[in-house]
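Each chain is listed here by its residues.
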Amino acid sequence: MSHQAFDPHATLDHLARGARGERLVHVRHLPRREAELVPWPTWVDPGVYAAWSGAGVTHLWSHQREMADLARTGRHTVCATGTASGKSLGFLVPVLTALAEGSHAPTGRGATALYLAPTKALAADQLARLEAMAVPDVRAAVYDGDTPTDERRWIRDHAHYVLSNPDLLHHSLLPGHQHWAPFLRALKFVVVDECHVYRGVFGAHTSAVLRRLLRVAARYGSRPTVLLASATVAEPARLARALIGQDVVAVTHDGSPREATTFALWEPPMTSADTRRSAVSESASLLADLVLQDVQTVAFARSRVGVEVVASSTRRDLSEVDPTLVSRVAAYRGGYLPEERRELERGLRERQLLGLAATSALELGIDIAGLDAVVIAGWPGTRASLWQQAGRAGRTGTESLAVLVAADDPLDTYLVHHPEAIFEAPVEASVFDPENPYVLTPHLAAAAAELPLTEADTQWFGPTLPRLADALVAGGVLRRRPAGWFWARSDRPSDHVELRGIGQTVRIVESRTGRVLGTVDEARAHSAVHTGAVYLHQGHPYVVSELDLIDASAQVVAGDPGWSTQARSTSEFRILRADRQHQWGAATLSFGAVEVTSQITSFLRRLPTGEVIGEHPLDLPVRTLSTMAVWWTLPEDELALAGVGEPEIPGALHAAEHASIGLLPLVATCDRWDIGGVSTALHTDTGLPTVLVYDGHPGGAGFAEQGFRQARQWLAATVETVQACECAVGCPSCVQSPKCGNGNSPLSKVGAVRALQHLLAEQGRPR
Ligand SMILES: [Zn+2]
Ligand SMILES: [Zn+2]
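All of the points below concern the structure found in this document. (Residues numbered from 1 in each chain as written. Chains lettered and ligands numbered in written order. Predicted model: local features only at pLDDT ≥ 70, side-chain atom pairs only at ≥ 80, totals over all residues. Heavy atoms only, no water.)

What follows covers the packing of helix 11 (residues 279-292) against helix 12 (residues 304-321). For the pair helix 11 and helix 12, the least separation of the axes is 8 Å and the interaxial angle reads 45°. Looking at the two axes, helix 11 sits oblique to helix 12. In the packing of helix 11 onto helix 12, the handedness of the crossing is right-handed. For the pair helix 11 and helix 12, the contacting residues are V280, A284, S285, L287, A288, V291 and L292 in the first and G306, V309, V310, S313, T314, D317, L318 and V321 in the second. Its residues placed into classes, the contact of helix 11 with helix 12 shows ten nonpolar, four polar and one charged. (Axes fitted to C-alpha atoms, helices over the stretch in contact; angles between N-to-C directions. Helix = DSSP H or I, 4+ residues; strand = E, 2+ residues; numbered from the N terminus. Parallel < 35°, antiparallel > 145°, perpendicular 65-115°, else oblique. Left-handed = near helix turned anticlockwise from the far one by under 90°. Contact = heavy atoms within 4.5 Å. Nonpolar A, V, L, I, M, F, W, Y, C, P; charged D, E, K, R; others polar.)

The structure is reproduced here in structure tokens:
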């Protein structure tokens, strides 16, 4: 290939030439990291060793060996190391060794193992990689909702290694555990891959399913060792413990090699006093510039629409400078046919394609590696996704370039100005609440149907078990007998519980075809798919012709009406109890249970310019949400001392509420749609000016709790973000919120900074 050696520094200098230098906020050089190689353990099965050493893996990386040795001694272990650090081999060495050893038992199946992935695709991918290694004596198979009935029986009776997902456990394996008795009796290992994905409500559900599995296995005399693999998150041992309810050792020192990368943090310019250029437009300009420099680049956008915009504006920019380059830019939105994907892969390999705009679907979709540069339009949500996307660039022995372009969102603003939050130890923890009664109660019903519940089961489900089980008795779901709690109904409990949400869902139905496009939680349905709403589904606009709450469906028609809609609402809250409190001088910070009452009252139609073209009343019922929240109060006279006069208090608190919601994902793996907020200049329960941030799911999801645990870091980041923003009176990068029910009014940017600074200064001061 005639391609010249790529120089990321010269390329970056070119991108940041002239006045554009101001947009380049930070450059971090991530040096090449050498592999830490260690020998294979002597206890490895010869067939397993032969398979991998035959493929050139003559040594292990240090973290793989560390995990393998811990697993071999029966310790529950979580490996939390970087993307592409070979975590799989860390669990496969002990698991496959145990399976191969067990295959010599008289039954041919002295040991079994269960592998769980969050998606079917990932389990299928693991199986394909395992089959490619052709390990002798180990029979592996995927068992999921698509497995044909005749294969199911064979797998249950003969497979050593079953690859599946939590949904299958919940709906099939656990309710029918008798059919799995021989498999469960021999169960030595349970692997939980990509365990950082189990967060929020999904995390709580998965945790309950894993505990049900361990309990049923114990009934068959098995105490499997649980091996978990996670992206790098804060406190991986705590996450793993919350998932399985038992102590877990964490392996965090990454011994895998890494090529050098130059990582640039880029902030688009303000285009007026309160508008910043979008990350998507800015990324398109960067992509065009890179293509012109003959730098092969992929640009990641968050949505399909974003991908289209990046691709089309890049092509437009190029057509003005060098029309021959227009055909060398493509868009990839996922969902392509295999031959289309191969075509794209070949174009990249042969450098026919120089620029590609893609959604993160690329992470699992097509195989590309060895590009020169990656442009990331907007923070992708977590560090794990960031490294996954950045890792798409870099050929062996060559330095690559990655550019993160900030979107107009408080979290993005904070991160590009605080590179240590990206590049140093992670502060974001993957969190959920395993004791959320709204999640745990139906799983206890399911557990009772699997095997009667007893007091001793608190070892799996925690101390709230007796209270929740008695509530199920009162509801006629369970029956109390001397031997424990028994399932009292004729149907199957797992049919009533969906793992990926809570309560009712509303179906989104395309009127013309009757096709169900997807579902939305009832909690979000009122604001997202009310009659008249413009709803984006996978980036495509639809107009809701009718929301029918009785039928739990929203009828939609495809098409872009040329405006967007924003729901307006009123909300109030009651404090039910404060579980924990910090006293910061005159300020009080609390975490506890609240009841949030809200009602969507109308919606606005807006043109793409932001201009409002009408407000339309809605007739929707009041919703009540019982959840967990973090809140703080500061007396009025203290606010006055901070320079926030009485008339300014509502705007100051409202702006502080928005910005702190925007920054909570810094410390907990949620996005701003998982949480909500209310602020008030005088609350009847506290008698004081109060700002509240709550989990948007019944019973809570762990996010507000994480905010309370890391309140200082969270609120300090919030005030810094608002203060650092260059806008005049507030913009989406700091205090405006896209989901505000009050149309972003009133907001006081300066008042928010003063109130939050005063709050933080109170910390450590006596009352
Ligand atoms: Zn701003
Ligand atoms: Zn608001």
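A few words on the pattern of salt bridges. Counted by the stated rule, this structure contains 31 salt bridges. Close ionic contact of E424 with R28 constitutes a salt bridge, the shortest N to O distance being 2.9 Å. Here E424 is found in the loop between helix 16 (420-423) and helix 17 (437-450), whereas its partner R28 is found in strand 1 (residues 24-30), with 396 residues between them in sequence. Residue classification places E424 among the partly exposed positions, given a relative accessible area of 43%. The partner of R65 in a salt bridge is D69, with the nearest N and O atoms 2.8 Å apart. Pair noted here: R65 and D69 are both in helix 3 (residues 62-72), with a separation of four residues, about one helical turn. Judged by relative accessible area, which is 26%, D69 ranks as partly exposed. Counted as one network, the salt bridges with shared partners bring together R17, R20 and D289. (Salt bridge = Lys/Arg side-chain N within 4 Å of Asp/Glu carboxyl O. Buried < 20%, exposed > 50% of the residue type's maximum accessible area, 1.4 Å probe, protein only.)

Taken together, H654 (NE2), H658 (NE2) and C740 (SG) make up the protein donors of the zinc ion (ligand 2), found 2.0 to 2.3 Å from the metal. Look at where the donors of the zinc ion (ligand 2) fall in the sequence and you get H-x3-H-x81-C. Here H654 pairs with H658, and both are found in helix 22 (residues 649-663), just four residues apart, close to one helical turn. Take H658: its relative accessible area is 4%, and that puts it in the buried class. (Donors = N, O, S within 2.8 Å, 3.2 Å for Na, K, Ca; no water.)

The next thing to look at is the pairing of strand 24 (residues 540-548). Note that strand 23 (residues 534-537) and strand 24 share four bridges and pair antiparallel. Across the sheet, the residue bridging to Y535 is Y542, located in strand 24. In the sheet, strand 24 pairs with strand 25 (residues 553-558) via six bridges, with the strands oriented antiparallel. Residue pairing across strands places L547 opposite A554, the latter belonging to strand 25. The turn joining strand 24 and strand 25, which pair antiparallel and follow one another in sequence, is formed by four residues; a positive phi near 55° is taken by A552. (Pairing = 2+ DSSP bridges.)

Here we come to the pairing of strand 5 (residues 112-116). In terms of residue burial, strand 5 counts as a mostly covered element, since five of its five residues are buried. Sheet topology note: the strand 5/strand 7 (residues 161-164) ladder contains four bridges and is parallel. For L116, the partnering residue across the bridge sits in strand 7 and is S164.

Take the side chain of D674 next. Here D674 is to be found in the loop between helix 22 and strand 30 (675-680). For D674, a relative accessible area of 14% puts it in the buried group. Separated by 3.5 Å, the side chains of D674 and R199 make a polar contact. Beyond its immediate sequence surroundings of up to four residues, D674 is in contact with R199, D695, G696, H697 and F703. (Polar contact = N/O pair within 3.5 Å; in protein donor to acceptor, adjacent residues only side chain to side chain.)

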